Amino acid sequence: MTDPINLIAEWLRGLLAGWGLSSGLVIFIMTLLGVVVTAAFVLLMDVFLVWVERKVVARFQDRLGPNRLGPFGLIQPLADVIKLLIKEDITPIGADRVVYNIAPILALATVLVLWSVIPLSPTVLGADINVGVLFIVAAGAIGTLGIIMAGWASNNKYALIGAFRMVAEIVAYEVPMVIALMVPVILARSMSIGEIVQRQTIWYIVLAPVAALVFLITAIAELGRAPFDLSEAESEIVAGFHIEYTGMKFGMFYAGELLHALTMGALFASFFLGGWRGPFAEQVPILGVFYLFLKAFFIYWVIMWVKYSLPRIRIDHLMEFSWKFLTPLILAVVMITALLDKLLGEPGTLIYTLGMLVANLIVVWITLTLLRTYFRLERKRVGEERPVAAPDLTPAARIERTS
Amino acid sequence: MQTQDWLFVGIFIVLAPLFPLIALLIPRLIAPRKPNPIKLETYECGMETVGPAWVQFKVQYYIFALIFLVFDIEMVFLYPWAVSLNLLPFYAVVEGIIFVAILVAGLLYAWRNGALKWA
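Worth saying up front: this structure is predicted, and the values here are computed from it rather than measured.

Participant: Lay out the overall build of chain B with the relevant residues and their values.
Facilitator: Tallying secondary structure elements over chain B gives four helices and zero strands in all. Listing each helix as α and each strand as β along chain B from the N terminus yields α-α-α-α. In terms of overall size, chain B is more extended than a compact globule, its C-alpha atoms giving a radius of gyration of 25 Å where 119 residues would be expected to give roughly 14 Å. Taking the principal axes of its C-alpha atoms as reference, chain B extends roughly 70 × 50 × 15 Å. Evaluated residue by residue, chain B yields a buried proportion of 19% over its 119 residues.

Structure below.
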């Protein structure tokens, strides 16, 4: 009774075996069903996300948001979908048709694939593959490929500039992101996400707050959301990479972006906030799904909060922030974590937790001190008296001097 | 268990593109289709497009990509080290730190030479 998903799965397995199917076929059908149910659930969540996004934005901007269709405007996303479905599908002249059409499919499909390895509850694991972290990184990067393909195939300069910027951004922020994910891997001694969640008797955000923060920042950059949304900067390149897309194809990019944000929330929750862990989650596995989505939506909300509070940053600042600040910082954190993990013995003890936490706080303090010193020197340099090009003579005095 | 997990991932990868594909095929049936030359032109805020869209790009992108490649390979090498850290003797940790230090030296070199400057 406490685990309805597995109860239904067991019943179905028994039913299929009762029909006299071979055990291999039963496994195949059960896996297929699992995939369809997971994907359908995630896509349903995606439609719901449109409502969440619009409602929360409205609240940030002191508006009401959708409130006409259904209670609290809950049916609004369906109306949006119908509108997108009946819009004309335009392919501009000179576009590379094949690549142009594959790009929106790739943008949504890769995000969906990420959900195959996220553990939803103690018993519903999807796939618990032993290279889960690397799979996430690899599949997540292919979503960016969809954006690059869209920009390149549109035969539009704005789109191409958007794609260039996206490449530069991904190239810069992929490095700190993957290195930040190394910290939970070291702490859990495993690359499987199920295992990482299982080991989090203490949430890893306590053991590795710096890595968690770096992962959040790089996740926002990988999403291409504000303040890192240079690939679709409205004031410069109109809509960036999806400028030529209409109707449902545009909808795919939009849905892909929203779902990617929630997926990043779920990943952050799994790596640093204990995933499905919570009171009674072990006894009542269905609660685990609830806890995971609670945490995922919290992070999603944080991402939205950042998006609607901060202005867009310039591309040179963007690159420098990653290469000159995040990358050295996270490399130092990983090395300190590895060293301390060796010195402090087994995880779970009080001294291990305290040691990690104190080390992280010291790193934060050193970083802040370095930054403060740097900016003080920078201010001094800018504020200094410098030789002025213009002579301090009045026009009359200048005539007198030259004559 | 392990093969079954990979079966799940495999089916997922095959099925995942089908959902957006179906969503993209529905408009083919119900959406209007009235193309004309002006509608299909490249959108540039009402201006007529000059020259091909595939323009040259800044060389900076290329330099950043080169630095990225170095770090990408570094990350791939570091992951096996990170997973098996508790099985390794202490000097392996020191070796890892030396390995990263060499790459950080490379980053500092690129930094000093202005490769990280967006100019």
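Participant: Talk me through the interface of chain A and chain B; I want residue IDs and the actual numbers.
Facilitator: Across the contact, 67 residues belong to chain A and 55 residues belong to chain B. Elements with a minimum of two residues in the side of chain A that touches chain B: α2 (23-60), α4 (97-114), α6 (157-188), α11 (247-272) and α13 (315-344) of chain A. The element contributing the most residues to the side of chain A that touches chain B is α6 of chain A, with 14 residues. Residue composition of the side of chain A that touches chain B, grouped by class: 45 nonpolar, nine polar and 13 charged.

Participant: How would you summarise the packing of α2 of chain A against helix α3 (residues 76-85) of chain A if you had to cite specific residues and measurements?
Facilitator: Residues and elements named next belong to chain A. At a minimum axis distance of 8 Å, the contact between α2 and α3 shows a crossing angle of 110°. One way to sum up the angle between α2 and α3 is to call them roughly perpendicular. For the pair α2 and α3, the sense of crossing is right-handed. Listed contacts from α3 to V47, F48, V50, W51 and R54 of α2 are Q76, P77, D80 and V81. In terms of residue class, the contact of α2 with α3 is made up of six nonpolar, one polar and two charged.

Participant: Tell me about the packing of α13 of chain A against helix α14 (residues 350-383) of chain A, residues and numbers included.
Facilitator: When two helices pack together, you describe them by how their axes are tilted relative to each other and by the distance separating the axes. All names here are of chain A. Relative orientation of the contacting elements α13 and α14 amounts to 155°, with a least axis distance of 10 Å. As far as their axial angle goes, α14 and α13 are roughly antiparallel. By crossing handedness, the relation of α13 to α14 is classed as right-handed. On the side of α13, the interface is formed by L329, A332, V333, I336, L340 and L344, while α14 contributes I351, Y352, G355, M356, A359, V363 and T367.

Participant: A description of α4 of chain A should follow, citing residues and the corresponding values.
Facilitator: Residue and element names in this part refer to chain A. Here α4 spans 27 Å end to end across 18 residues, near enough to the 26 Å set by a 1.5 Å rise per residue. Bending of α4 peaks at approximately 30° at the position of L106. The buried count for α4 comes to 13 of 18 residues, which makes it a mostly enclosed element.

Participant: Outline the domain arrangement of chain A, listing residues and values.
Facilitator: The extent of an interface is frequently quoted as the accessible surface area lost upon association of the parts. Residue and element names in this part refer to chain A. Parsing chain A into structural domains produces domain 1 (1-86) and domain 2 (95-373). If you average the C-alpha positions of domain 1 and of domain 2, the two centres end up 23 Å apart. Listed per partner, the contact involves 18 residues of domain 1 and 19 residues of domain 2. The leading source of residues in the side of domain 1 that touches domain 2 is α2, at 11 residues.

Participant: Would you mind going over the nonpolar core in detail, with residue names and values included?
Facilitator: Residue and element names in this part refer to chain A. Grouped together as the largest cluster of nonpolar side chains are 135 residues, with contacts concentrated most on F215 and F268. With 25 residues, α6 is the largest single contributor of residues to this core. Split by domain, the residues of this core number at least three in each of domain 1 (1-86) and domain 2 (95-373).

Rules of the game
- Residues numbered from 1 in each chain as written.
- Chains lettered and ligands numbered in written order.
- Predicted model: local features only at pLDDT ≥ 70, side-chain atom pairs only at ≥ 80, totals over all residues.
- Helix = DSSP H or I, 4+ residues; strand = E, 2+ residues; numbered from the N terminus.
- Rg over C-alpha atoms; globule rule 2.2 N^0.38 Å.
- Buried ≥ 20, exposed ≤ 12 C-beta atoms within 10 Å, placed from the backbone.
- Contact = placed C-beta atoms within 7 Å.
- Nonpolar A, V, L, I, M, F, W, Y, C, P; charged D, E, K, R; others polar.
- Axes fitted to C-alpha atoms, helices over the stretch in contact; angles between N-to-C directions.
- Parallel < 35°, antiparallel > 145°, perpendicular 65-115°, else oblique.
- Left-handed = near helix turned anticlockwise from the far one by under 90°.
- Expected span 1.5 Å × (residues − 1).
- Bend = angle between axes of the 7 residues up to and from the residue.
- Domains from an automatic or database assignment.
- Core = buried A, V, L, I, M, F, W, Y, C linked by C-beta atoms within 7 Å.

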